[in-house]
Amino acid sequence: ISEAQHAYRKGKSVETALHTLIQKIEKSMTYREYTLVAFLDIEGAFNNISISAIAKALRKRNLHDSIIEFLVKLLECRIVSSKLGNSTLRRHINRGTPQGGVLSPLLWIITMDELLEELNMYGKVAIAYADDLAIAISGRFPVILTELMEQCLRLTSKWCENCGLGVNPNKTELVLFTRNNKIPEFKMPMFKGTSLSLSDKAKYLGLILDRKLNWRLNIEERVRKAMVALYSCKRAIGKRWGLQPRLVHWLYTAVIRPILFYGILVWWPALNKAVNRKVLNKVQRMAALLTTSCLSSTPTKALGIMLHLAPIHLYGEMLAASAALRLFIVSPWSEPFYGHSEIIKRVKRLPGDIDYTSPQLHFDNKFSISIPSREDWEGKLVQPEGTVFFTDGSKLDGRVGGGVYSESLGVEISFRLPDHCSVFQAEVVAIEEALNWVNSNEVSSRVISVLSDSQAAIKALSRTTTSSRSTLRCKNLLNDLAEKYSINLVWVPGHRDIRGNCKADELARNGTKMPSTSIARDPGTPLANVRLLLNKEMLNKAEKEWQEERMCKTSRALWPEYNARRSNNLLSLSRGSISKVIAVLTGHWLIGRHAARMGVLSQDGPCKSCGDEEEEVTVEHFLCHCPALARKRESILGQPFFNNLADLASSRISDTWLFIDRSGWLNDG
C-alpha cells in the first residue's frame with residue numbers, strides 16, 4: 001500500500017497525514033518557494049466505487065481468482081429493502097461497498113493505491129486519508145506549478161471516471177501557500193472545464209490552513225468548538241448547585257481540552273505568539289471559573305496552579321512533543337527539521353532509545369499461558385512440568401534489576417538494567433534471560449516451564465497486538481524455542497513463601513545492587529515514562545513562570561508549586577466550599593480592600609472577628625494574625641499564630657476549609 005495513504009493502517013493516522021503535508025509546505029516556505037495545494041473530496045467514494053475497478057485492483061495484487069470472484073459476488077449480490085407503511089421497495093445494489101463493512105476500508109485503499117502511486121511521481125506529493133485527497137506541488141514559479149497541477153487533476157479525473165466516481169470542481173479548494181504578500185499573476189489551473197480560483201484558506205482533516213500558515217483562523221475555530229462544548233456543560237452548573245468540581249474538571253481535561261488542541265502537532269509554533277495564547281486561554285479560564293464558581297476577578301494563573309492546569313502554551317507544546325515522539329519512533333524524520341518538526345529536538349534529548357514500535361500482530365502463539373488462582377497454589381494443585389525456571393524483576397531506590405532461578409539446573413542469574421527502565425520491562429527481560437539460557441545450553445527435558453509473578457508481563461506476551469520492542473523480542477524468542485521445546489508460561493503468586501519465587505526475588509534485588517558498569521543491555525525507555533518526563537519538564541517550566549510572576553502575591557505564598565495531591569483535595573470539596581477556599585487562597589473575596597474594588601462597600605470595614613479598625617482586613621490577617629481566631633487556628637491548623645502566609649503553604653485543604661467555615665467570615669457570600 002502506498003505510503004501516501006494514511007487511513008486504516010497501522011502506524012498511520014490523521015497526525016501523519018497532517019505532518020506530511022505541513023512539512024512540505026513549511027520546507028518550501030523556508031526556501032522562499034511556493035506550494036500549490038489542491039484539496040479534493042471524492043464524492044460518495046465508498047458508495048459509488050465500481051465493483052469492476054475493485055476487481056481490477058485486486059488482480060494487480062496477484063490475488064487468487066477464487067478470492068476475487070468471492071469478493072465480487074459478495075458485493076454484487078446485495079439487496080436493499082425499504083418499508084414505509086404497506087409499501088415495500090427492494091433495490092439491487094451494483095456498486096460501492098457496504099457501509100460499516102469490515103473489508104470496505106481495505107478494498108477502498110487498495111483501489112485508490114494506483115492513483116496515489118501515479119500522483120507521487122516526479123516531485124509531486126499526494127496525501128490521502130480515506131477519500132480526502134490533497135495534492136501538493138512546490139517550486140519557485142507559480143506558472144509551472146499550475147501546469148503540473150493541471151496534469152495531476154486530469155489524472156485524478158480520469159481515475160475517478162474509470163472507477164465510477166466523481167469530483168466536484170466547485171468544491172475543490174486551491175491554496176497557494178507562501179509568506180510573500182505579493183503573488184505574481186498566473187493562469188489558474190483548469191479542472192473538468194472549470195477554472196479553479198485561489199482561496200486564502202482551506203479546511204483539511206478538521207484543521208483550517210491559511211495561506212501563510214499563521215494558524216489564526218484555525219485557533220479561532222478550535223476555540224469556538226471548545227466553547228460550544230463548554231457552554232453545554234455550563235447549563236448544568238450553578239453557583240452552589242450542579243456538577244461537582246471534580247467532574248467539571250474531568251470534563252474539561254478529558255473532553256474539552258482535546259477538542260481545543262486537536263492537531264496540535266502541526267500548529268504548536270503558533271503558541272509562541274502572545275495573541276494566540278490569549279485567545280486559547282479564554283477556554284481554560286472559563287473552565288476554571290465553572291469548576292470553582294469563584295469571583296470573575298480571580299487571576300487565571302492562580303486558578304491554573306490550584307487546579308493543576310499548566311499554562312496553555314506549555315501544555316500544547318508538551319502534547320506536540322508527545323505526538324512527535326510517537327510518529328518519530330515509527331518512521332524517523334529526516335533532518336533538517338522545519339517549522340513544527342523542530343519539536344522533535346526536545347524529544348531527542350531524552351535518555352536512551354524508546355521501547356515502542358508500531359503495533360505488531362501475532363495470531364499464532366506457539367507457547368502456552370497458564371494463570372492459576374491463588375487457591376490452586378495454596379492447595380498445591382499446580383505442578384509445573386519439565387524443567388522449571390522462576391523469574392522476577394525489581395526496582396529499589398530507583399535502580400532496576402532482575403533474577404532467574406532454576407533449582408534443577410543450578411541456575412542463579414542476577415542482572416542490572418538502566419535506571420530509566422520499569423519493573424514491567426525487568427519482568428519481561430527476566431523471562432527472556434531464562435529463555436536465552438535454554439537456547440545457549442543443552443536441556444534434556446523437552447518441556448520448559450517459566451514461572452513469573454507478573455500477570456502483566458504474561459498477559460502482554462499472550463496478546464495478539466504488541467507495541468513494546470522488548471515484549472516483541474521476548475515473544476519472538478518464545479515462538480522460536482517453541483519449535484524445539486514445549487514452552488509454558490505460568491503465573492505464580494508473589495510473597496507466598498514459594499521457594500523458587502522467593503529465590504528469584506532475592507536474585508532480582510541483588511541485581512539492583514550491581515554496579516552500573518555491569519549493565520549489558522538497554523530495553524529502552526518505556527513510552528509511558530517518556531510522557532512522564534515530558535510532563536515533568538512542562539511542570540518545571542510552569543513553576544518557573546509562576547515563581548517569576550509579579551502579581552498574585554497571596555496565591556504564590558499559599559500555593560508556591562504544582563501539587564497534584566493538593567489539587568485533588570481541593571477538587572473533592574463541594575461547589576459551595578471550593579469557591580470560598582479559592583476566595584481565601586487568592587485574596588479575591590468580598591471583604592476588605594477587594595470588596596471596595598468590586599463596589600461592595602458594605603463589606604469594606606473592620607475585622608469581623610477582632611473588630612480592630614486600625615488593622616487592614618487581609619487574607620494574612622485572617623489566616624495568620626487575627627487574635628480572635630487564635631483558638632480556632634490552633635485547634636484546626638496547629639498553631640495560634642503564623643509569621644506569614646508562606647507558613648501555610650503545606651497546610652491541608654480540608655483544614656483550611658474547616659477553618660474558613662468555623663470562622664463564619666464567608667457564610668454570607
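Residues numbered from 1 in each chain as written. Predicted model: local features only at pLDDT ≥ 70, side-chain atom pairs only at ≥ 80, totals over all residues. Heavy atoms only, no water.

**Quick look at the domain arrangement of the chain**
Along its sequence, the chain is carved into domain 1 (14–210), domain 2 (216–348), domain 3 (360–523) and domain 4 (589–663). Of note, the centres of domain 1 and domain 2, computed from C-alpha atoms alone, are 32 Å apart. With 18 residues of domain 1 at the contact, the number on the domain 2 side is 19 residues. Summed over both sides, the interface between domain 1 and domain 2 buries roughly 1600 Å², with carbon and sulfur atoms accounting for 60% of that surface. (Domains from an automatic or database assignment. Contact = heavy atoms within 4.5 Å. Buried area = accessible area lost by both parts, 1.4 Å probe.)

**What about a negative patch on the surface?**
A grouping of Asp-612, Glu-613, Glu-614 and Glu-615 is seen on the molecular surface, where their side chains present a negatively charged patch. Along the chain, Glu-615 falls in the loop between helix H23 (592–597) and helix H24 (619–625). The exposure class of Glu-615 is partly exposed, given its relative accessible area of 35%. (Patch = residues over 30% accessible without salt bridge, like charges linked within 9 Å, V, L, I, M, F, W, Y side chains within 5 Å. Areas by Shrake-Rupley, 256 points an atom, 1.4 Å probe, with all protein chains shown as cover. Salt bridge = Lys/Arg side-chain N within 4 Å of Asp/Glu carboxyl O. Lys, Arg positive; Asp, Glu negative; His and termini not counted. Charge placed at Lys NZ, Arg CZ, Asp CG, Glu CD. Helix = DSSP H or I, 4+ residues; strand = E, 2+ residues; numbered from the N terminus. Buried < 20%, exposed > 50% of the residue type's maximum accessible area, 1.4 Å probe, protein only.)

**Looking at the nonpolar core**
Membership of the largest hydrophobic core comes to 114 residues, with the highest contact counts inside it found for Leu-21, Phe-39, Trp-267, Leu-570 and Leu-623. Top contributing element to this core by residue count: helix H12 (residues 312–330), with 11 residues. When residues no more than four places from it in sequence are discounted, the contact partners of Trp-267 are Leu-207, Trp-215, Asn-218, Ile-219, Arg-222, Leu-260, Phe-261, Tyr-262 and Leu-280. One finds Leu-40, Ala-57, Leu-176 and Phe-186 within the second-largest nonpolar core, a separate group that totals 47 residues. (Core = buried A, V, L, I, M, F, W, Y, C linked by side-chain atoms within 4.5 Å.)

**As for the sheet that holds strand S16 (residues 399–406)**
The pairing of strands in a sheet comes from backbone hydrogen bonds and takes either a parallel or an antiparallel form. A sheet is described by the order of its strands in space; here 6 strands give the open sequence S14-S20-S18-S15-S16-S17, paired in mixed fashion. The two strands at the open ends of the sheet, each matched to only one other strand, are strand S14 (368–370) and strand S17 (411–417). Taken over all neighbouring pairs, the strand axes of this sheet differ in orientation by 20° on average, direction set aside. Pairing analysis gives 3 bridges linking S14 to strand S20 (residues 486–491), with the strands arranged parallel. Bridging from a neighbouring strand, Ser-368 pairs with Asn-488 of S20. Along the sheet, helix H15 (residues 423–440) makes contact with strand S15 (387–396), S16, S17, strand S18 (447–452) and S20, crossing S15 at roughly 150°. (Pairing = 2+ DSSP bridges. Axes fitted to C-alpha atoms, helices over the stretch in contact; angles between N-to-C directions.)

**What to know about the pairing of strand S10 (residues 201–204)**
Side-chain alternation along S10 places Ala-202 and Tyr-204 on a buried face and Lys-201 and Lys-203 on a face that remains uncovered. Summarising the sheet, S10 and strand S11 (residues 207–210) pair through 4 bridges and their orientation is antiparallel. In the sheet register, Lys-201 faces S11, and the bridge partner there is Asp-210. Here S10 folds back onto S11, and the loop between the two strands holds 2 residues, one of which, Leu-205, carries a positive phi near 50°.

**Some details on the UniProt feature "domain: RNase H type-1" (unreviewed entry) in the chain**
According to UniProt, the feature "domain: RNase H type-1" (unreviewed entry) maps to residues 383–513 in the numbering used here. Along residues 383–513 the backbone is 40% helical and 30% strand, and the end-to-end C-alpha distance reaches 33 Å. (UniProt positions renumbered as here; feature names shortened; annotations may be inferred.)

**Comments concerning the pattern of salt bridges**
Overall, the coordinates contain 21 salt bridges when judged by the stated rule. Between Arg-521 and Glu-433 there is a salt bridge, with its nearest N and O atoms 3.1 Å apart. One end of the pair, Arg-521, is in the loop between helix H18 (499–512) and strand S21 (525–526); the other, Glu-433, is in helix H15, with 88 residues separating them in the sequence. We note a salt bridge from Asp-655 to Arg-652, for which the minimum N-O separation is 3.1 Å. Classification of Arg-652 by relative accessible area gives exposed; the value is 55%. Shared partners join several salt bridges into a network, and the residues in it are Glu-432, Glu-433, Arg-473 and Arg-521.

**Some points on helix H6 (residues 142–162)**
The first and last C-alpha atoms of H6 sit 30 Å apart over 21 residues, in line with the 30 Å expected at 1.5 Å per residue. Pro-142, Leu-145, Thr-146, Met-149, Glu-150, Cys-152, Leu-153, Thr-156, Ser-157, Trp-159 and Cys-160 are the residues of H6 that are buried. At its buried positions, H6 is contacted by strand S1 (34–43), helix H5 (104–119), strand S5 (132–139), strand S6 (166–167), strand S7 (173–177) and strand S8 (190–191). Gly-164 occupies a position one or two residues after H6 and carries a positive phi of about 75°. (Expected span 1.5 Å × (residues − 1).)

**Brief notes about the packing of H15 against helix H17 (residues 469–481)**
At their nearest, the axes of H15 and H17 sit 10 Å apart, and the two run at 30° to each other. Taken together, H15 and H17 sit at an angle that is classed as roughly parallel. Note on packing geometry: the crossing formed by H15 with H17 is left-handed. Residue-level contacts link Phe-424, Gln-425, Val-428, Ile-431, Glu-432, Leu-435, Asn-436 and Asn-439 of H15 to Ser-470, Thr-471, Arg-473, Cys-474, Leu-477, Leu-478 and Leu-481 of H17. Here the residues of the contact of H15 with H17 are counted per class, giving 8 nonpolar, 5 polar and 2 charged. (Parallel < 35°, antiparallel > 145°, perpendicular 65-115°, else oblique. Left-handed = near helix turned anticlockwise from the far one by under 90°. Nonpolar A, V, L, I, M, F, W, Y, C, P; charged D, E, K, R; others polar.)

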